[in-house]
Number of protein chains: 4
Amino acid sequence: MMNKLAKVGVLGASGYTGAECVRLLARHAHVQIELLTAERRAGQDLREVFAQFSPLALPKLVAIESVDWAAAGLDLVFCALPHATTQKVVGELLAKAPRTKVVDLSADFRLADPAAYARWYGQAHQAPELQGEAVYGLVELHRADIVKARLVANPGCYTTSAQLALVPLIAAKAIALDDIVIDAKSGATGAGRAVREAMLFAEVAEGMRAYGVGHHRHMAELDQEFSRAAGREVIVSFTPHLVPMNRGILSTIYVRGARDLAAGDLHALLAKAYAGETFVHVLPFGEMPQTQHVRGSNMTFLGVVADRARGRAIIGSALDNLVKGASGQAVQNMNVMLGFPEATALEQIALVP
Amino acid sequence: MMNKLAKVGVLGASGYTGAECVRLLARHAHVQIELLTAERRAGQDLREVFAQFSPLALPKLVAIESVDWAAAGLDLVFCALPHATTQKVVGELLAKAPRTKVVDLSADFRLADPAAYARWYGQAHQAPELQGEAVYGLVELHRADIVKARLVANPGCYTTSAQLALVPLIAAKAIALDDIVIDAKSGATGAGRAVREAMLFAEVAEGMRAYGVGHHRHMAELDQEFSRAAGREVIVSFTPHLVPMNRGILSTIYVRGARDLAAGDLHALLAKAYAGETFVHVLPFGEMPQTQHVRGSNMTFLGVVADRARGRAIIGSALDNLVKGASGQAVQNMNVMLGFPEATALEQIALVP
Amino acid sequence: MMNKLAKVGVLGASGYTGAECVRLLARHAHVQIELLTAERRAGQDLREVFAQFSPLALPKLVAIESVDWAAAGLDLVFCALPHATTQKVVGELLAKAPRTKVVDLSADFRLADPAAYARWYGQAHQAPELQGEAVYGLVELHRADIVKARLVANPGCYTTSAQLALVPLIAAKAIALDDIVIDAKSGATGAGRAVREAMLFAEVAEGMRAYGVGHHRHMAELDQEFSRAAGREVIVSFTPHLVPMNRGILSTIYVRGARDLAAGDLHALLAKAYAGETFVHVLPFGEMPQTQHVRGSNMTFLGVVADRARGRAIIGSALDNLVKGASGQAVQNMNVMLGFPEATALEQIALVP
Amino acid sequence: MMNKLAKVGVLGASGYTGAECVRLLARHAHVQIELLTAERRAGQDLREVFAQFSPLALPKLVAIESVDWAAAGLDLVFCALPHATTQKVVGELLAKAPRTKVVDLSADFRLADPAAYARWYGQAHQAPELQGEAVYGLVELHRADIVKARLVANPGCYTTSAQLALVPLIAAKAIALDDIVIDAKSGATGAGRAVREAMLFAEVAEGMRAYGVGHHRHMAELDQEFSRAAGREVIVSFTPHLVPMNRGILSTIYVRGARDLAAGDLHALLAKAYAGETFVHVLPFGEMPQTQHVRGSNMTFLGVVADRARGRAIIGSALDNLVKGASGQAVQNMNVMLGFPEATALEQIALVP
């Protein structure tokens, strides 16, 4: 595999996460980009959509319908399409080219229970027969399953941030489960490139707001993964916010230690859990992360501070929503699935500043 | 009083809150600005510090030491000096000119207990004899006392935001007291104009961070006011964050209803508490405020949403930290103290956008 | 007129310039807002479009077609509709209610020559019979005509900025006419609230770009006004840029003095031209304006600096594109047309900061 | 050289350009970072200054005075110190370790004429004996000299942007020399990390300003290089502006074609000049670059558009001031000086977005 370049494609290359996949893949030592799709931009070059690709030689954008999956012979496809259209596309792709692997960046294969999907997304699952084989692709927590997977559901940006901070603590029964508050703040690219009035520069700049309060879809993913880790149902309080910046998610998480565990104990647990990981870094006890320190990188920085209220701790989790929160994690999944060194093409350090 | 203009002064006019006082006072129908001080800028015009005042005729900046308080005959002074220097200045001012009233924008007179001041600020209170007469100047909650006050301690920006949302609920015993989480986000002007590396544009833009986690000084003020409202000690979980915007504070507050009260009940309580207020506006149930909608105005917008976790509610509180969170509230205090209509000079609607 | 409030309407109140008109008019001592229109939002309250109006009592939004102009009996209407739809609407309005005055914020009545309109806007003028009576509403330059006007064409934001700097110099034959470069930078609200991918937060933040290079429609307006001032055709080099900020236009203008006039002479000419004006302020020679100093105000700040290249000067012109560049100027026009003090409702000083 | 890692040091690693060098060098296949200096931070880890380096193993920060240059045996040193202190440091370094090569990111060795240095910087050159051997390090224009150099003066960010656009045109006598206007816009990191009130977030955000109008030090460098290319003295009109963004320079350049050359001819000349270059990309005729498309990359994008004024063209030049405008170019210089492939460690594509 190291001698021959793997052939990869990116579906939805004109969106932010699709283009970010291209940005990372174009400098990847072991892959060759063979296919780029973009419905409304079919026939154009990617440089007409994102001029930074202007100096690169890349395949022209095509429509998905025009692709002959069997003939394409791709080793792996990144699917960066909108929610709800993905299940059908992946179903067709795998029917025609069963040896192609898929990393799906949408939410379409993240919920193991098709009924939960229907409830949160308001429509029936379009490929329930594939859902069973889909592996939830948070590498640090599910690496062993990802190695063997054909179809990986890349996690959401908010949920990656919250899970990396909380799953080891929940699994270790180290925190109270009915008292978890996750206050999450995201940059504007988290909303994707869909054209909406609320995402205009002048509506976002010089201000801040919460949204989806009380009923954000990412809750379904959090519920599933936290409950799986706890072995019982866990319902957290989760509020996403929009911050006037392009990239970055900061989750400020309020927890109460279980079994008399103090903040320092929680920090020790996290430090141990991630001691061997390249892309999760636990700061010294008492330090909180900031999104600037991970921008443009595939890192998640975690910090733990003792609250003055006895028994409570505050955990900070920072990542770049387009990298570790989306496309970087997708490439990390590919590296695991295809047997490349896990950090390939993902070693960029955060911009200064 | 309406026929003759009141004579006012602003100490510390070269900082953000001082200059914002000047901005509001320069268009106030019932006052005349007679004195502006700024230590390092003494001898200059305010226009050399903030060019927007260039077209206005204003007194030159002088050093505080050069002011003859008795001769100045000021009706009221706004004190926008750094914490710790204020107690001494106000002590001297009131000794020389006992009929001058003072609105102090620093933290120096906010803590009723000098021992609490010493504990949180690391030095003895310099004017304990004045602390007894100082009135805590959150107008909507303490108007009756402010009417009669000579010395008003203008509340902090974070604490104004949190108190307006929580004090009526705490006083009504409507929420659990040991389970309150306040996740607060502020624009950069909240840090004042002091020159620090961490506040450079490039350190703040395109990122977000928590700070003072676990031990921020505003906690002392929150403890005092929440405990006063509750009639017992209340210790909340409070985390301030820095957001890449100039103005605005958004507090996202997580509470649990007491006595089986649901989110809708909390909303009704707040709506009733502020029904007659000009500067606190409770949004319809289920809507959350955003800082854009109060920027440049003296308004606080409050919103209440039901959390999906049973019995929990999420409360949003948005204000402009330089107006309702500082200088606007100071002018509002002055209006109350000098008998002017409370909204004078404060009717500006938030910028669009 | 001072005893009875004038009845005014705002067409297109759900856009930025329309809403900004409402913001200013709501605090205007001599007018009453009687009508607000917004096609897609008809039936809603303005607070559903811009929440900052939530505490105010305002008329509901209606569709233009539903308005009975004669019955409405409005004294003046602000027309903040998209280019090209305005001519028809104003034509119908004045046909039905010939005593209503109109301030039009679109480009539809700015070009005196209907042929020029057709050339630059790609369609025939829809109300050529009204064009003849339209007055170009740059108050400082055409006040005498505006006093008598029924229909005023409010100037563009870029062109206001450039004209205030250049028209007095051109009229005085003080600068070379074939060597004028205007490099203009605008905040994002200059593009209005139309929903376009290029105006998403993430497409504008953390970057800068020129646009409309070589062929921007504002050139038509500049050509007309500069040529009128010069008494001959003047074609300037004009490049607009988009800056990641909400409000503000900064024009940096490169000129060469005529008749051996140096930069200081140009400064003296401008200072003299605007000596009696409230809303144009000429900074001391050698100082350049910045947009922060006019944000939220109706001011234009002008500055003149000597270039090191002999005979050349650099002129800076800063204004808030939504105030002096649009809605503030519209209100200023109304004040002149209806005989109110010109600065009414426009005295707000720029935010600090 | 490819088998053994070159040993490099970075002086001034706690500033933006120094840290950006570290960011690039840490992922460079052919170098090992052996030395990092930072006067006020000596004894600390770089992670305490820039937390993004937290996961990396890097040498501790030391004071320059403590370095034994001979013993250090460095192959190359990046000098990212403030102007004026550099000449002395480099003089001492090369005296003790004459085989070490130096890339200096300050302005101290950019002006070939020590008298010009004294005139523009207000003090005598401290190492005139070294100035003679210093090579001006704009790689695309002076590669042949850089290959052989021991001491390279890395160009300024503004001047790199302007020279890449103009030097080929000036050298080809394709444009009029007395009529060049360069209107340049820079992000805030261009001012470095020095702590100044004018660079606070709240002083920069939501606004724009020109600075150094008529007398910016970068003019000396432009004069030198443009005059060298022209074979006669060239004095351009150059105005730098501060834009509320972290990274990026956009130069909008107004020129007049010489010898009846039109904008298309100028474009053809530039396209030909850079046809073989990796880091300068000429966009199709009629397109203008934007800084977003080069952010975080070592690219310069150039665009040429015809002005409507006959014979005039508008040229856009965009780069990232910390990469191609500083540290990326410094690494590019090192690659040339040490014989590495020129693009090593510089292949990162601009962030999306």
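Calculation notes
- Residues numbered from 1 in each chain as written.
- Chains lettered and ligands numbered in written order.
- Predicted model: local features only at pLDDT ≥ 70, side-chain atom pairs only at ≥ 80, totals over all residues.
- Contact = placed C-beta atoms within 7 Å.
- Helix = DSSP H or I, 4+ residues; strand = E, 2+ residues; numbered from the N terminus.
- Nonpolar A, V, L, I, M, F, W, Y, C, P; charged D, E, K, R; others polar.
- Least-squares fit on C-alpha atoms with pLDDT ≥ 70 in both.
- pLDDT = per-residue confidence, 0-100.
- Pairing = 2+ DSSP bridges.
- Axes fitted to C-alpha atoms, helices over the stretch in contact; angles between N-to-C directions.
- Buried ≥ 20, exposed ≤ 12 C-beta atoms within 10 Å, placed from the backbone.
- Right-handed = clockwise from strand over helix to strand, strands pointing away.
- Parallel < 35°, antiparallel > 145°, perpendicular 65-115°, else oblique.
- Left-handed = near helix turned anticlockwise from the far one by under 90°.

**Overview of the interface of chain A and chain B**
Residue-level contacts link 38 residues of chain A with 38 residues of chain B. At the level of elements, strand 8 (181-186), helix 8 (201-204), strand 9 (209-210), strand 10 (237-242), strand 11 (249-256), strand 13 (300-306) and strand 14 (312-319) of chain A are the ones that each hand at least two residues to the side of chain A that touches chain B. Residues that form the side of chain A that touches chain B fall into these classes: 17 nonpolar, 12 polar and nine charged.

**Some remarks on the relation of the copies chain D and chain A**
Here chain D sits on chain A after a turn of 180° about the axis and a move of 0.0 Å along it, with an RMSD of 0.0 Å. Taken together, these values place the two copies in the relation of a two-fold axis. Here 100% of the contact residues of chain D are again contact residues in chain A; the copies associate through an equivalent surface.

**A word on the confidence of the model for chain A**
Of the residues in chain A, 99% reach a pLDDT of 70 or more, and the chain-wide mean stands at 96. Here the predicted complex carries an ipTM of 0.96, next to a pTM of 0.97.

**Topic: the sheet that holds strand 11 of chain A**
Residue and element names in this part refer to chain A. Spatial ordering of the open sheet is given by 9-10-8-11-14-13-12, a layout of seven strands whose pairing is mixed. Sheet topology places strand 9 and strand 12 (280-282) at the edges, where each strand pairs with a single neighbour. In this sheet, strand 10 lies alongside strand 9 in antiparallel orientation, the contact comprising two bridges. Counterpart to Ala210 in the pairing with strand 10 is His241. Of the strands in this sheet, strand 8, strand 10, strand 11, strand 12, strand 13 and strand 14 touch helix 7 (residues 157-171), which is tilted by about 40° from strand 11.

**Regarding the relation of the copies chain A and chain B**
In the superposition of chain A on chain B (RMSD 0.0 Å, axial shift 0.0 Å), the rotation amounts to 180°. A shared interface surface links the copies, since 100% of the contact residues of chain A are contact residues in chain B too.

**Considering the pairing of strand 5 (residues 101-104) of chain D**
Residues and elements named next belong to chain D. Across the two faces of strand 5 the burial is the same, with Lys101 and Val103 and Val102 and Asp104 all buried. Sheet topology note: the strand 4 (residues 76-79)/strand 5 ladder contains four bridges and is parallel. Paired with Leu76 across the bridge in strand 5 is Lys101. The handedness of the strand 4 to strand 5 crossover, carried by helix 3 (residues 86-96), is right-handed. Pairing of strand 5 with strand 7 (residues 151-153) involves three bridges; the strand directions are parallel. Bridge assignment links Val103 to a residue of strand 7, and that residue is Val152.

**Quick look at the sheet that holds strand 5 (residues 101-104) of chain A**
Residue and element names in this part refer to chain A. Across the sheet, seven strands lie side by side as 3-2-1-4-5-7-6; this open sheet has parallel pairing. Unpaired on one side and paired on the other, strand 3 (61-62) and strand 6 (135-136) mark the two borders of the sheet. Where helix 3 (residues 86-96) meets the sheet, its contacts fall on strand 1 (6-11), strand 4 (76-79), strand 5 and strand 7 (151-153), and the angle it forms with strand 5 comes to roughly 170°.

**Here we look at the packing of helix 1 (residues 16-25) of chain B against helix 11 (residues 323-338) of chain B**
Residues and elements named next belong to chain B. Packing of helix 1 against helix 11 leaves a shortest axis separation of 8 Å and a crossing angle of 45°. One element, helix 1, and the other, helix 11, form an angle in the oblique class. Here the hand of the crossing between helix 1 and helix 11 comes out right-handed. The residues of helix 11 that touch helix 1, namely those facing Thr17, Glu20, Cys21, Leu24 and Leu25, are Ala326, Ser327, Gly328, Ala330 and Val331. Across the contact of helix 1 with helix 11, the residue classes break down as six nonpolar, three polar and one charged.

**Examining unusual backbone geometry**
A cis geometry characterises the amide bond from A:Val352 onward to A:Pro353, with omega recorded as -15°. Structurally, the position occupied by A:Pro353 is in the segment after helix 11 (323-338). The residue B:Ala84 is not glycine, and still its phi comes out positive at about 85°. Structurally, B:Ala84 is set in the loop between strand 4 (76-79) and helix 3 (86-96). On the basis of neighbour counts, which here come to 15 C-beta atoms within 10 Å, the residue B:Ala84 falls in the partly exposed class. Positive phi outside glycine occurs at C:Lys173, with the angle close to 50°.

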